[in-house]
Amino acid sequence: MASILPASNKPMRSDQNTYVGKCFVHVKNPYLDSMDEDILYHLDLGTKTHNLPAMFGDVKFVCVGGSPNRMKAFALFMHKELRLQDRGEDVKDICAGTDRYCMYKIGPVLSISHGMGIPSISIMLHELIKLLHHAQCCDVTIIRMGTSGGIGVAPGSVVITDTAVDSFFKPRFEQVILDNIVTRSTELDKELAEELFNCSREIPNFPTLIGHTMCTYDFYEGQGRLDGALCSFSREKKVDYLKRAYIAGVRNIEMESTVFAAMCRLCGLKGKPFMNA
Ligand code: R2B
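The structure displayed is predicted, hence computed values, not measured ones. (Residues numbered from 1 in each chain as written. Predicted model: local features only at pLDDT ≥ 70, side-chain atom pairs only at ≥ 80, totals over all residues. Heavy atoms only, no water.)

Undergrad: How should the site of the ligand be read in this particular structure?
TA: With respect to spatial proximity, the complete set of residues near the ligand consists of M116, R144, T147, F219, E254, M255 and E256. Residue M255 places a main-chain N or O atom 2.9 Å away from an oxygen atom belonging to the ligand. Here the ligand loses 81% of its free accessible area of 260 Å² to cover by the protein chains. Taken together, the residues of the shell around the ligand sort by class into three nonpolar, one polar and three charged. (Near = heavy atom within 4 Å. Polar contact = N/O pair within 3.5 Å; in protein donor to acceptor, adjacent residues only side chain to side chain. Areas by Shrake-Rupley, 256 points an atom, 1.4 Å probe, with all protein chains shown as cover. Nonpolar A, V, L, I, M, F, W, Y, C, P; charged D, E, K, R; others polar.)

Dropping the structure here:
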């Protein structure tokens, strides 16, 4: 890699995001290059205060999940699996200066929490994508490992998402930009889904399937729950909706997958939500 870096230490790229077969993480913001400093507010990192290429340049896998405790547990698990030399207790929260998200780096793996819902994961993804871009990371795979509600699957099953769909069962994410709605595709990497599925088959008693994941804006009314503070539909309407979701190929419901799929796709990250239903 070093031999293809020009003196500026910025990789030369044959187009916006590739160089000799490598896929860089790219941003689509013409203003960023002219900024003197990029502060990643919610990660407590920045281009002037931190040497991002030295800290993160070797990252190949990013695993994200809602809860900070779960992502710390995953980091410790990865530390054990990768048999790293340093002690597990040395796994430190890189974002400890903020209580918005937590982040752990274990060799080439980053483990990051994203909170609940589209707005929360979207803020984290903007800053994560800029971080990976500034760090000149290439060929990065990102996986969301989350909890979800299963539809017509055995409790505890793992659903590997092939397509993230919205509440109308459509493979799209509608981003409000100023006062416009911009529709973005939520297609995910099919090969990665197959690869993960094949891995799951090597593990005994690990019920896993590939299916669509529906992403809602809300945990209660949006997911047909009868126990929220507000509920204006009948049990029959709920069951009818969930049946139609099942027929459309939906096997689980959560609250982050559409924006995750849309943003990762636009910025050159091979992405996949992977969830426990
Ligand atoms: C799954 O679980 C959370 C709600 O309880 C939300 O983040 C999601 O997608």
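Undergrad: Any chance you could explain the packing of aromatic side chains here in plain terms?
TA: This model, assessed by the stated rule, comprises three aromatic pairs. Relative to F77, the ring of F74 lies with its centre 6.4 Å away and its plane at 35 degrees, an arrangement referred to as tilted. With a gap of three residues between them, F74 and F77 both fall in helix α2 (residues 68-81), about one helical turn apart. Owing to a relative accessible area of 14%, F74 belongs among the buried residues under this scheme. Where F219 meets Y220, the ring centres are 5.0 Å apart and the plane angle is 85 degrees; that geometry is what we call edge-to-face. By relative accessible area, which is 36% here, F219 ends up partly exposed. For Y220, a relative accessible area of 36% corresponds to the partly exposed category. (Phe/Tyr/Trp six-rings, centres within 6.5 Å; stacked < 30°, edge-to-face > 60°. Helix = DSSP H or I, 4+ residues; strand = E, 2+ residues; numbered from the N terminus. Buried < 20%, exposed > 50% of the residue type's maximum accessible area, 1.4 Å probe, protein only.)

Undergrad: Hey, could you run me through helix α4 (residues 190-201) in this one?
TA: Because each turn of an α-helix spans 3.6 residues, side chains separated by three or four positions end up pointing in the same direction. Its twelve residues place the ends of α4 17 Å apart at the C-alpha level, agreeing with the 16 Å of an ideal helix rising 1.5 Å per residue. Among all positions in α4, only L192, A193, L196, F197 and S200 are buried. One side of α4 holds all its buried residues, which, seen down the axis, span an arc of 135 degrees. For α4, exposure combined with an orientation more than 90 degrees from the buried face picks out E191 and R201. Capping of α4 at its N-terminal end is provided by D189; its side-chain oxygen lies 3.2 Å from the backbone amide nitrogen of E191. (Expected span 1.5 Å × (residues − 1). Arc of directions from axis to C-beta.)

Undergrad: What is the right way to read the pattern of salt bridges from this model?
TA: Between side chains of opposite charge, a pair can form when the charged atoms approach closely. For the structure shown, the criterion picks out seven salt bridges. Here D36 ties to K48 by a salt bridge, and the two come within 2.7 Å at their closest N and O atoms. Taken together, the residues span a long stretch of sequence, with D36 in the loop between β2 (22-23) and β3 (39-40) and K48 in the loop between β4 (45-46) and α1 (52-56) at a distance of twelve residues. One exposure class covers both D36 and K48, and it is exposed. Between E256 and R144 there is a salt bridge whose closest N-O contact spans 3.1 Å. With a gap of 112 residues between them, E256 in the loop between β14 (250-254) and α6 (257-266) and R144 in strand β8 (residues 141-147) connect regions that are remote in the sequence. Here the salt bridges do not stand alone but share partners, grouping R144, E254 and E256 into one network. (Salt bridge = Lys/Arg side-chain N within 4 Å of Asp/Glu carboxyl O.)

Undergrad: Please clarify how the UniProt feature "binding site: phosphate" (unreviewed entry) in the chain should be interpreted in this entry.
TA: Under the UniProt annotation, the feature "binding site: phosphate" (unreviewed entry) is placed at R100, R144, M145, G146 and T147. In this structure the side chain of R144 is engaged in a polar contact, spanning 3.1 Å, whose partner is the side chain of E254. Looking at where G146 falls in the secondary structure, it is placed in strand β8. (UniProt positions renumbered as here; feature names shortened; annotations may be inferred.)

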